[in-house]
Amino acid sequence: MRPELAFILFLIALTSACDTINQLFLKSAINSLASPRGNFQEVFKFIFKLIVIPRVWLSFLFSAISLCIWLFVLSQVDLSFAFSVDSMHYIFIALASRFILQERVSLKRWLGIIFIVAGILLVSLS
Amino acid sequence: MFKNKLTLKILVFLIFTDFLETFTHLCFKKSVLLEPGLAINKAGDLLIFLQGAFLSPFLWLGLLSVFCTFILWSSLLSRIDLSVAVPICSFSYILIPVASIIFLHEKVSPFRWGGVLFILLGVVFVSLSASEKERALE
């Protein structure tokens, strides 16, 4: 593997990790509120209540970091390559669920993750 | 919690979010394409690079599209299970290479399509395992 490619893969992993942290903060903030019922108006009220929670701002901060790294990655490689490899956030989320949140990760999900890893390897080799 | 079955209306909205997401990443890519070829050696170069990207209207169009996707996606998720929504939205893993070929003139090798296929399969498996959990909660 060429060193530049390894560096780009590392950066994409970093954006995926930032996205995962962002999702964890967002999920914990959303869990602290009652979930909204059906209609769009209720959903807007829900989003308004959500954005005053400090954890949501932390989540935005990580999105901003992720965006900056993502822009740099896009300036270096093809979009079709970068977007496919970015699917590695599924792997991070599964690992975070298993080891940080202590959730049970089913066999089917590990199988899915193996497919995603295989896909990323194929895309990276091309 | 009661959730509606997948209706045609929800399906259309889900596919619309796929297109929005594709549009977002096309805009992001466009915003950095306008930058002259650069090799970044110092942290200062990165700031100059980001400044250039943030001055591009494409970037702001992309961010607007992210915002719309976020609103649409959150409203859709209150009406449909995540395990149904995610596989439909992983359609963007196909849309993005197609859009890259058409609008950015990138070349996508059969090898890369093979990889995309594996990723799609993986995403479907991951979301199927979510549906087991949802059923267990009922």
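Here the structure is a predicted model, which means the values were calculated and not measured. (Residues numbered from 1 in each chain as written. Chains lettered and ligands numbered in written order. Predicted model: local features only at pLDDT ≥ 70, side-chain atom pairs only at ≥ 80, totals over all residues. Heavy atoms only, no water.)

Asks: Tell me about the interface of chain B and chain A, and please be specific about residues and values.
Replies: Each partner contributes residues to the interface: chain B has 51 residues there, and chain A has 42 residues. When chain B packs against chain A, the two sides together hide about 4,000 Å² of surface, and 74% of this comes from carbon and sulfur. Taken together, the connections running from chain B to chain A amount to one salt bridge. Between B:Arg112 and A:Asp78 there is a salt bridge whose closest N-O contact spans 3.6 Å. Scanning the region where chain B abuts chain A turns up six residue pairs in polar contact (both at pLDDT 80 or more). At the level of elements, helix H1 (8-33), helix H2 (43-54), helix H3 (57-77), helix H5 (92-104) and helix H6 (110-137) of chain B are the ones that each hand at least two residues to the side of chain B that touches chain A. When residues in the side of chain B that touches chain A are grouped by element, the largest group, 17 residues, is from H6(B). For the side of chain B that touches chain A, the class distribution of residues is 31 nonpolar, twelve polar and eight charged. (Contact = heavy atoms within 4.5 Å. Buried area = accessible area lost by both parts, 1.4 Å probe. Salt bridge = Lys/Arg side-chain N within 4 Å of Asp/Glu carboxyl O. Polar contact = N/O pair within 3.5 Å; in protein donor to acceptor, adjacent residues only side chain to side chain. Helix = DSSP H or I, 4+ residues; strand = E, 2+ residues; numbered from the N terminus. Nonpolar A, V, L, I, M, F, W, Y, C, P; charged D, E, K, R; others polar.)

Asks: Pulling in residues and values, what's your account of the nonpolar core?
Replies: In this structure, A:Leu71, A:Val73, A:Phe81, A:Val85 and B:Tyr93 are the most contacted members of the largest nonpolar core, which totals 44 residues. Tallying contributions element by element places helix H3 (residues 54-76) of chain A first for this core, with seven residues. Excluding its chain neighbours within four sequence positions, the residues that come into contact with A:Leu71 are B:Phe28, B:Ser31, B:Val32, B:Phe49, B:Leu50, B:Ala53, B:Phe54 and B:Leu59. The next biggest cluster of nonpolar side chains, apart from the first, holds nine residues, and it includes B:Ile10, B:Leu72, B:Ile88 and B:Cys89. (Core = buried A, V, L, I, M, F, W, Y, C linked by side-chain atoms within 4.5 Å. Buried < 20%, exposed > 50% of the residue type's maximum accessible area, 1.4 Å probe, protein only.)

Asks: Describe in detail the packing of aromatic side chains, supporting the description with residues and values.
Replies: Inspection of every chain in the model, using the stated rule, returns seven aromatic pairs over all chains. Here A:Phe72 and B:Phe49 contribute two aromatic rings whose centre-to-centre distance is 5.7 Å and whose plane-to-plane angle is 85°, an arrangement assigned as edge-to-face. Taken together, the residues span two chains, with A:Phe72 in helix H3 and B:Phe49 in helix H2. This pair shows no difference in class: A:Phe72 is buried, exactly as B:Phe49 is. When the ring of A:Phe83 is compared with that of B:Tyr93, the centres are 5.0 Å apart and the planes differ by 40°; the resulting orientation is tilted. Here A:Phe83, found in helix H4 (residues 79-85), pairs with B:Tyr93, found in helix H5, and the two come from separate chains. Each member of the pair, A:Phe83 together with B:Tyr93, is buried. Every member of this aromatic cluster is reached through a ring pair, and the members are A:Phe115, B:Phe118 and B:Phe125. (Phe/Tyr/Trp six-rings, centres within 6.5 Å; stacked < 30°, edge-to-face > 60°.)

Asks: Pulling in residues and values, what's your account of the state of the cysteines?
Replies: All names here are of chain B. Per the stated rule, a full pass over the model turns up zero disulfides over all chains. Between Cys68, a cysteine without a disulfide, and Cys27, which holds the nearest cysteine sulfur, the sulfur-to-sulfur distance is 11 Å. Look at Cys68 and you get partly exposed, because its relative accessible area is 36%. The thiol of Cys89 is unpaired, and the distance to the nearest cysteine sulfur, on Cys68, comes to 15 Å. In this structure Cys89 comes out as buried when scored by relative accessible area, which is 13%. (Disulfide = S-S within 2.5 Å.)

Asks: Describe the environment of A:Ile120, and please don't skip the residues or the numbers.
Replies: Structurally, the position occupied by A:Ile120 is in helix H6 (residues 107-125). By relative accessible area, A:Ile120 is classed as buried at 10%. Every residue in contact with A:Ile120, bar those within four places of it in the chain, is listed here: A:Ser84, A:Val85, A:Ser87, A:Met88, A:Ile91 and B:Ile119.

Asks: Which residues make up unusual backbone geometry, and what are the values?
Replies: Excluding glycine, most residues fall at negative phi; most peptide bonds, likewise, are trans. Non-glycine residue B:His105 carries a positive phi angle of around 55°. Positionally, B:His105 belongs in the loop between H5 and H6.

Asks: Explain a nonpolar patch on the surface to me, using residue names and the numbers behind them.
Replies: A cluster of nonpolar side chains, contributed by B:Phe19, B:Phe91, B:Ile94, B:Val98, B:Ile101, B:Ile102 and B:Phe103, occupies part of the molecular surface with about 600 Å² of accessible area. The leading source of residues in the nonpolar patch is H5(B), at five residues. (Patch = residues over 30% accessible without salt bridge, like charges linked within 9 Å, V, L, I, M, F, W, Y side chains within 5 Å. Areas by Shrake-Rupley, 256 points an atom, 1.4 Å probe, with all protein chains shown as cover.)

Asks: Tell me about the confidence of the model for chain A, and please be specific about residues and values.
Replies: Mean pLDDT over chain A works out to 84, with 94% of the residues at or above the 70 mark. Least confident of the elements in chain A is helix H2 (residues 40-50) of chain A, whose mean pLDDT is 81; most confident is H3(A), at 90. (pLDDT = per-residue confidence, 0-100.)

Asks: Describe the confidence of the model for chain B, and please don't skip the residues or the numbers.
Replies: Residue and element names in this part refer to chain B. Averaged over every residue, the pLDDT of chain B is 81; the share at 70 or more is 83%. For chain B, the element scoring lowest by mean pLDDT is helix H4 (residues 82-89), at 78; H5 scores highest, at 90. The complex prediction reports pTM at 0.81, with the ipTM value standing at 0.79.

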